[in-house]
Every structure is written in structure tokens, then in C-alpha cells.
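Chain by chain, the residues run as shown.
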Amino acid sequence: MKSEPKVYGITDLQREGTTLWDGIRNYQARNFMRSMNPGDQVFFYHSNATPPGIVGLMEVIETGLIDPTQFDAGSRYHDPRSPRDAPRWDCVRLRYLKTFAAMLTLDELKASFTPEDLGVVRRGNRLSILPVPEGTAQRLLTMLQR
């Protein structure tokens, strides 16, 4: 899951302990989020940073929650076409697990993984939520333990 550190970074999650991952307004990213289950571990990726990369680990603690920002006219994520009786946007609650001692940068990821192994290295990828295959996740965790 990607977030800009100036908007919401790993230190924010560490301080708060848990967060609602709201504001997702891309159907494919939303559907990837819908496939998550409580107990799943999730990499926290700082995007739009210098350099971008994986900085921490989170755990899914609740799924299928209605994203409240879609109904908030003052929110940048407000969706006036989302009906209250059948909301189109939902979210998950995440718990902070750890901040890695060193970031695994996008350049390091590109040198170690193919786009088929790790979607974040795919040229032109803009999705904020991407699945990571189990084998790739294990390789990432090994690399991040350095």
C-alpha cells in the first residue's frame, strides 16, 4: 500500500497505532483492498518521495468498512454519486507492525524483481494498492532484514 510521507507516512501510523486506509478512488485498487483479510501483512511504501520505497510493515485488522470520506462534502475524497444505501467505496483498518531499519528503494526493487513478480516496478504503475505474491513477499522480508 502506497502513501506519500508528507500526507501520511509510516511515522504517522507508528504514532497512531492503527489507521483507516480511506480515500481510495480507483476501482482496481479498491478491489485489491477488498481481497484482503484480517491478519494479512502489508508493506508500507512511501511514494512521491526521494527516494520512494518500502519503509514498513502493517497488519490488516478489519475489512469491509465503509469509507466515510465519500460522504464528507469537505473531503477531497468526497463522491457525491456514491449512494448512502449502497456505498461504492470501502476501506480497511490497519495496525502498525514495524519500521524497517533501512528503506528498500524503488531502484533496488527494480534491480531485484520483474513486473510480474512485483507490480510496483511496472513502468507507469499508478495504483496505490497492489497484491504481492507470497514468494515475493518472503524475498522482500529477507531483503529488508539486512
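Since we're looking at a predicted model, the values are computed, not measured.

Participant: Report on the overall build of the chain, specifying residues and quantitative values.
Facilitator: Helices and strands together make up the secondary structure of the chain, namely four helices and five strands. Seen in sequence order, the chain has helices and strands lined up from the N terminus as β-α-β-α-β-β-β-α-α. Here the C-alpha radius of gyration of the chain, 15 Å, is about what a compact globule of 146 residues would show, namely 15 Å. Reported as C-alpha extents along the three principal axes, the dimensions of the chain are approximately 45 × 30 × 30 Å. Long-range pairs, those at least 24 residues apart, make up 68% of the contacts in the chain between residues at least 6 apart in sequence. Of the accessible surface of the chain, which amounts to about 8200 Å², a share of 48% is contributed by carbon and sulfur atoms. One way to put it: in the chain the 19 positive side-chain charges average out to a point 4 Å from where the 17 negative ones average out.

Analysis parameters
Residues numbered from 1 in each chain as written. Predicted model: local features only at pLDDT ≥ 70, side-chain atom pairs only at ≥ 80, totals over all residues. Heavy atoms only, no water. Helix = DSSP H or I, 4+ residues; strand = E, 2+ residues; numbered from the N terminus. Rg over C-alpha atoms; globule rule 2.2 N^0.38 Å. Contact = heavy atoms within 4.5 Å. Areas by Shrake-Rupley, 256 points an atom, 1.4 Å probe, with all protein chains shown as cover. Lys, Arg positive; Asp, Glu negative; His and termini not counted. Charge placed at Lys NZ, Arg CZ, Asp CG, Glu CD.

Interpretation in functional terms is not warranted from these geometric data alone.
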